[in-house]
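# Architecture and fold: a report
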Amino acid sequence: MAHIVILGAGIGGMPTAYELREKIGTSHRITVVNAIDYFQFVPSNPWLAVGWRERETITFPIKPYLQKKGIDFVAQRVQKIDAGGSALELQDGSRLSYDYLVITTGPKLSFEEVPGSGPDAHTHSICTVNHAEKAWGDYQKFLENPGPVVVGAMPGASCFGPAYEFTFILNTDLKRRKKRKNVPITFVTSEPYIGHMGLGGVGDSKSMLESEFRNNDVKWITNAKVTRVEEGKMFVTELDDNGQVKKEHELPFKFSMMLPAFKGVDAVAAVEGLCNPRGFVLIDEYQRSKKYRNIFAAGVCVAIPPVEVTPVATGAPKTGYMIETMVTAIVHNIEADLEGKPADSKGTWNAICLADMGNTGAAFVALPQIPPRNVNWFKKGKWVHLAKIAYEKYFMYKMKNGTSEPIYEKYIMKMLGIMRLDKK
């Protein structure tokens, strides 16, 4: 009997556990290890931060749902990965051995790279449910005495979609409350232009998002390197296309949400030969570590090179569809290895995303993620807002019921009407 340990119980880890159980049956042991004992649906955090969701609707306790499928669960932080000895050293000092390790930890949030940033300092985040809940608490205070808002992404960020989402959701919420006229909004991003998204742009993303910003009175600063944050003030160096200083900004704010750069979590980053200098796992085409053949990785923790060099550092995002296909590839390859067969399944590194904009939304498709592309598509409409809500409800249902049905492949892709294009 093989023991497969999944490190991380998020959008990558939970589906991995369910798919593995379905594929390999009950003759092998599966254990999920996670630092916290609850699942959180991260894509809903922008809504939570303005009071459109409650914590209870986008979280649930992990253990009882995994137990129904005969999957073990350990709610502890991993102190060390002994990759050579195929074991995890847990926070309580115990040791958990494995035959296969699947790393789906997500990222470490690197607020320390910009002094004064982060929920423990002067800016908010929507990267975790706790951060979003804290943002909602301060947002309620802000509404009593509104003023300037700064939203965006720090140097080195790779996940830009939620920053755009939060800007438009905040804009919509303020309009509903009749307070928008009292709130100047500035979007500050390390992207070289609006709509770059860490992908070199997708279809008409630049013109469409710029138009949305203009129509909603949102100012922006691109090629923006935030150097530090003080209470009520953000210091930004704006670069030109050659990487030279164009302008220095001191932006006043009463409320700010800035997405940080990501790194690999400490226990993963510390394993010799496993990761790149930022702590992201180096994998081959089969989602397997290049050094440790019994370690696989999926999701944000995986090393993907930037699409292009930009004046201010930007990274490439990992979208839900990409993560889903990584997970499926890992499951098939572990199943093959257990049967003595070679790995042959590869993830589809395409970018497909639904971004809510308050009362409308934007969807983009980049097939493949790195240009030139077979499909390069960006559309806006009320249907995207409704689709994002449906995706939230379906994913939560899926995680509570232990189904391994791929959401993007079976639902989102059909909805977008591009199943045929994706297979070309």
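Above this text sits the structure in question.
What this report covers is the structure whose coordinates are included nearby. (Residues numbered from 1 in each chain as written. Predicted model: local features only at pLDDT ≥ 70, side-chain atom pairs only at ≥ 80, totals over all residues. Heavy atoms only, no water.)

### Here we look at helix α8 (residues 320–338)
In an α-helix, one turn spans 3.6 residues; hence positions three or four apart end up facing the same way. Just so we agree on the cut-off: Helix and strand assignments follow DSSP, with helices taken as H or I runs no shorter than four residues and strands as E runs no shorter than two, numbered in order from the N terminus. A helix's residues, less one, multiplied by 1.5 Å, set its expected span. Remark: exposure states derive from per-residue accessible area (1.4 Å probe, protein chains only) relative to the maximum for the residue type, with buried under 20%, exposed over 50%, and partly exposed in between.
Look at α8: 27 Å from first C-alpha to last across 19 residues, which is about the 27 Å you get at 1.5 Å a residue. The element α8 is extensively covered by neighbouring structure, given that 14 of its 19 residues are classed as buried. Within two residues after α8, G340 carries a phi angle of roughly 75°, on the positive side.

### Quick notes on the state of the cysteines
What counts, and what does not: In what follows, a disulfide is any cysteine sulfur pair within 2.5 Å.
Summed over all chains, the structure comprises zero disulfides. This cysteine, C301, is not joined by any disulfide, and C275 carries the nearest cysteine sulfur, 8.3 Å off. Look at C301 and you get buried, because its relative accessible area is 2%.

### Observations concerning the sheet that holds strand β22 (residues 375–380)
Formally: What makes two strands pair is DSSP finding at least two bridges between them. Axis definition: a line fitted to C-alpha atoms, over the contacting stretch in the case of helices. Angles run 0 to 180 degrees between N-to-C directions. Contact criterion: two residues are considered in contact whenever any of their non-hydrogen atoms come within 4.5 Å of each other.
With antiparallel pairing, the three strands of this open sheet are ordered in space as β20-β21-β22. Pairing within the sheet leaves two strands with one partner each, and these edge strands are β20 (351–356) and β22. Averaged over all neighbouring strand pairs, the angle between strand axes comes to 5°, with direction disregarded. Relative to strand β21 (residues 361–367), β20 runs antiparallel, the two being bridged by six bridges. Bridge pairing in β21 places L354 opposite A363. The sheet contacts of helix α9 (residues 382–401) involve β20, β21 and β22, and relative to β20 the element is tilted by about 100°.

### Thoughts on the environment of P317
Secondary-structure assignment places P317 in the loop between β19 (295–297) and α8. With relative accessibility at 11%, the residue P317 sits in the buried group. When the C-alpha atoms of P317 and V307 are compared, they prove to be 9.7 Å apart, with ten residues separating the residues in sequence. Sequence-distant contacts of P317, defined by excluding residues within four places in its chain, comprise S158, M197, G198, L199, M322 and Q369.

### Considerations on helix α1 (residues 13–24)
With twelve residues, α1 extends 16 Å between its outermost C-alpha atoms, agreeing within 8% with the 16 Å of an ideal straight helix rising 1.5 Å per residue. Among the twelve residues in α1, ten count as buried, and that is most of the element. Taken as a whole, α1 has its buried residues at G13, M14, P15, T16, A17, Y18, E19, L20, R21 and I24. One or two positions beyond α1, positive phi appears at G25, with a value near 70°.

### A few points about unusual backbone geometry
Note that the residue after L367, namely P368, is joined by a cis bond; omega there is -5°. Its identity is not glycine, yet D217 carries a phi of approximately 60°, on the positive side. Summarising the element assignment, D217 is placed in the loop between α6 (205–215) and β13 (218–221). Its relative accessible area of 59% is what places D217 among the exposed residues. Here the phi dihedral of N223 falls at roughly 50°; this positive angle occurs in a residue that is not glycine. The topology assignment puts N223 in the loop between β13 and β14 (224–230).

### Quick look at the packing of aromatic side chains
What counts, and what does not: Any two rings among Phe, Tyr and Trp, with Trp reduced to its six-membered ring, count as a pair given centres within 6.5 Å; such a pair is stacked if its planes are under 30 degrees apart, edge-to-face if over 60, and tilted if neither. A ring is scored as having a charge over it whenever the NZ atom of a lysine or the CZ atom of an arginine sits within 6 Å of its centre and within 35 degrees of its normal.
Scanning the model with the defined rule gives 17 aromatic pairs in all. Ring geometry for Y391 against F395: centres 6.0 Å apart, planes inclined by 80°, an arrangement best described as edge-to-face. Of this pair, Y391 and F395 both sit in helix α9, separated by four residues, roughly a single helical turn. The same class applies to Y391 as to F395, namely buried. Site record: aromatic cluster; members linked through ring pairs are F39, F41, F60, Y65, Y391 and F395. Positioned above the aromatic ring of Y38 is the side chain of R55, whose terminal nitrogen or guanidinium carbon lies 5.1 Å from the ring centre. Just above the ring of W47 sits the side chain of K388; from NZ or CZ to the centre is 5.5 Å.

### Topic: the pairing of β14
Pairing of β14 with strand β15 (residues 233–239), which is carried by six bridges, proceeds in the antiparallel orientation. Within β15, the position partnered with K225 by the bridge is T237. A loop of two residues connects β14 with β15, the two strands running antiparallel in sequence, and G232 in this loop sits at a positive phi of about 75°.

### Remarks on the sheet that holds strand β9 (residues 100–103)
The five strands are arranged β5-β2-β1-β9-β19 in an open sheet whose pairing can be described as parallel. Looking at strand neighbours, the two that pair on one side only are β5 (72–75) and β19, the edges of this open sheet. Strand after strand, the sheet turns through a mean of 20° between neighbouring axes, direction not considered. The pairing of strand β1 (residues 3–7) with β9 spans four bridges and is parallel. If you follow I6 over to β9, its bridge partner there is V102. Set on the sheet, α1 makes contact with β1, β2 (29–34) and β9; between it and β1 the angle comes to about 160°.

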